Amino acid sequence: MVEFTPWPEAFADRYRKLGYWIGKPLHHAVSRQARQRPEAIAVICDGREISYRELDRASSALAARLQAAGLRHGDTALVQLPNVAEFYMVFLALMKAGIVPLNALFTHRRAELSAYAEQIRPRLLVASRSHELFGDDRFAEELRQNAPDMLALFHGEDSTERSLQHWLSGPVPQDFTEMPTPADGVAFFQLSGGSTGTPKLIPRTHDDYDYSIRESAVICGLTPETRYLCAMPAPHNYLMSSPGALGVFHAGGTVVLAANPDPALCFDLVRHHRVTMAALVPSAVLLWLEAAERDNSALTSLQLVQVGGASFAEATARRLPETLGCALQQVFGMAEGLVNYTRLDDPAERILTTQGRPISPDDEIRVVGPDGQDLPDGEAGLLATRGPYTFRGYYRSPEHNVRSFDADGFYFTGDIVERTPEGYLRVVGRVKDQINRGGEKIAAEEIEHLLQRHPAVHAAALVAMGDARLGERSCAFIVPREKLRAVELRRHLMTLGIAEYKLPDRVRFIDQMPLTPVGKTDKVRLRDMLLQEDAACA
Ligand code: OOB
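First, a word on what this report is: a plain description of the structure on this page. (Residues numbered from 1 in each chain as written. Predicted model: local features only at pLDDT ≥ 70, side-chain atom pairs only at ≥ 80, totals over all residues. Heavy atoms only, no water.)

## Quick word on the pattern of salt bridges
Where side chains of opposite charge bring their charged atoms close, a pairing between them can arise.
Inference 1: Using the criterion set out here, one finds 42 salt bridges in the structure.
Inference 2: Here Arg-110 makes a salt bridge to Glu-142, at a shortest N to O gap of 2.7 Å. Highlighted residues: Arg-110 in helix α5 (residues 110-120) and Glu-142 in helix α6 (residues 138-144), separated in sequence by 32 residues.
Inference 3: Given the relative accessible area of 27%, Arg-110 is considered partly exposed.
Inference 4: Look at Glu-142 and you get partly exposed, because its relative accessible area is 34%.
Inference 5: The salt bridge involving Arg-162 is made with Asp-137; its shortest N-O contact spans 2.8 Å. Here the residue Arg-162 occupies a position in the loop between β6 (151-155) and α7 (164-168), and Asp-137 occupies one in the loop between β5 (124-128) and α6, the gap between them amounting to 25 residues.
Inference 6: Its relative accessible area of 26% is what places Asp-137 among the partly exposed residues.
Inference 7: Sharing partners across several salt bridges, the network here consists of Arg-129, Asp-137, Glu-157 and Arg-162. (Salt bridge = Lys/Arg side-chain N within 4 Å of Asp/Glu carboxyl O. Helix = DSSP H or I, 4+ residues; strand = E, 2+ residues; numbered from the N terminus. Buried < 20%, exposed > 50% of the residue type's maximum accessible area, 1.4 Å probe, protein only.)

## Comments concerning the packing of aromatic side chains
Inference 1: Scanning the model with the defined rule gives 20 aromatic pairs in all.
Inference 2: For the ring pair Phe-267 and Trp-288, a centre distance of 5.2 Å and an interplane angle of 80° mean the geometry is edge-to-face. Linking Phe-267 in helix α11 (residues 263-273) with Trp-288 in helix α12 (residues 282-294), this pair joins segments that are 21 residues apart in sequence. Side by side, Phe-267 and Trp-288 carry an identical accessibility label, which is buried.
Inference 3: Three or more aromatic residues link up through ring pairs in this structure, and these residues are Trp-7, Phe-11, Tyr-15, Tyr-20, Trp-21, Tyr-211 and Tyr-389.
Inference 4: Stacked on the ring of Tyr-424, the Lys or Arg Arg-350 has its end atom at 4.8 Å from the ring centre.
Inference 5: Sitting over the ring of Phe-11, Arg-392 keeps its end group 4.8 Å from the ring centre. (Phe/Tyr/Trp six-rings, centres within 6.5 Å; stacked < 30°, edge-to-face > 60°. Lys NZ or Arg CZ within 6 Å of the ring centre and 35° of its normal.)

So, in structure tokens, the structure goes:
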């Protein structure tokens, strides 16, 4: 069994009594659709249409083969696939076999994947031959050092015995039975955007995740007619569950997959497949608005665009409904749990000026001042929360958990928010040491540690700088020991193998790191320096 920090019994009882936790594993929604509407289309990808029957069959076929290969309930899997239908087939198969996956982003590279494998010691690797690390077997072998009995399957593999597509094909054996899965156990690991040196894992249970999905599907008005465009990384919590693909499967609708949110690609998909709803981050919205101002005739089927993941400028929000010809929903969520939505029937001003209110009446929200006291509505403070789908602890991270939770189990999200009298939240800032680069989160400490591994680096600090397109970009401040060029640092980070979005957008060499009175890096000063430089350039 994969361990996790459980909710205290009294909370678990309450969430069950209220009908939030219903003891249902995540894959049941798809099996139900496969029984009730087998021919309905679940996923469209690269012109392929996959029915609920086929999604259910393929995932059962893979689950059966994994069981036959000796994988057991409670084993873990490291999965890295691009936005392809097989991503959902694999996810469902692992649920059916009781195997707990960690779905890495396709942009993740050596540093991230190694850190994940070290933490979960996977029995199974599912990767794509189209990824730079998996074109041959060298990196998979390297991962095996942490997981000696790891089975590896590849999307796009030639040999049948290791081809994911082959393992997904064929009939489901007569004697296949799904693993009876305790729904109060861990279903899979979500990834934290993080602010620490090593990426933190978030164990999500069937009960808690399924509740957030069911409610999200209602809040977002999903029906079997919904055609949902997933043009951001499919494993991200937003695209999985808010309401995401799993919400769409719950409602019996169709997920249309796109490799990225580029309007040149997506507008055609919207037109061709009559997409009704899309989930975007603010930087993608800017691209869509620009393209739609030239020609929005492809978007006539679009009813709702969700925007979340990063701070969304009110001025841009105001342009969206008319330019895209659809309604807007703001989403403020996190992989750790809490998700807020503006509601479809909210007054327009509220949709334009807030990031929504929580899914559940039992999402407890505190807005906390510097003295630890709760603040009145309208005042900005730290957001803390606990509730029926907000986790209670990072995986095997006792020290970090002490810092992230208070004694009552409230999770401190690291966001600064203010609450309206109606209970809606506005995100106004952040205390966590993170850069939000167009919705992609960069933990400053992770990059600083890697920069400091360069022999010519004496000290390093990564801070956010404002950016018109992405919202934020990253700037590395470096105190060098000797002469050093930005390209060398870039090469150093590339060699260590981090995701490209984590490479510093700018490097500034300085003689001395500014320090706070207690001797920590003074990031406020560093950000001020950037602002002054930008002002001087303007
Ligand atoms: C989503 O999840 P994560 O885990 O990648 O990032 C969570 C963090 C939040 O703590 C906040 O700092 C930021 O991303 N964020 C927003 C935001 N939505 C997320 N900041 C400002 N405005 C927003 N609307 O990003 C995520 C998960 C589920 C649904 C939507 C987004």
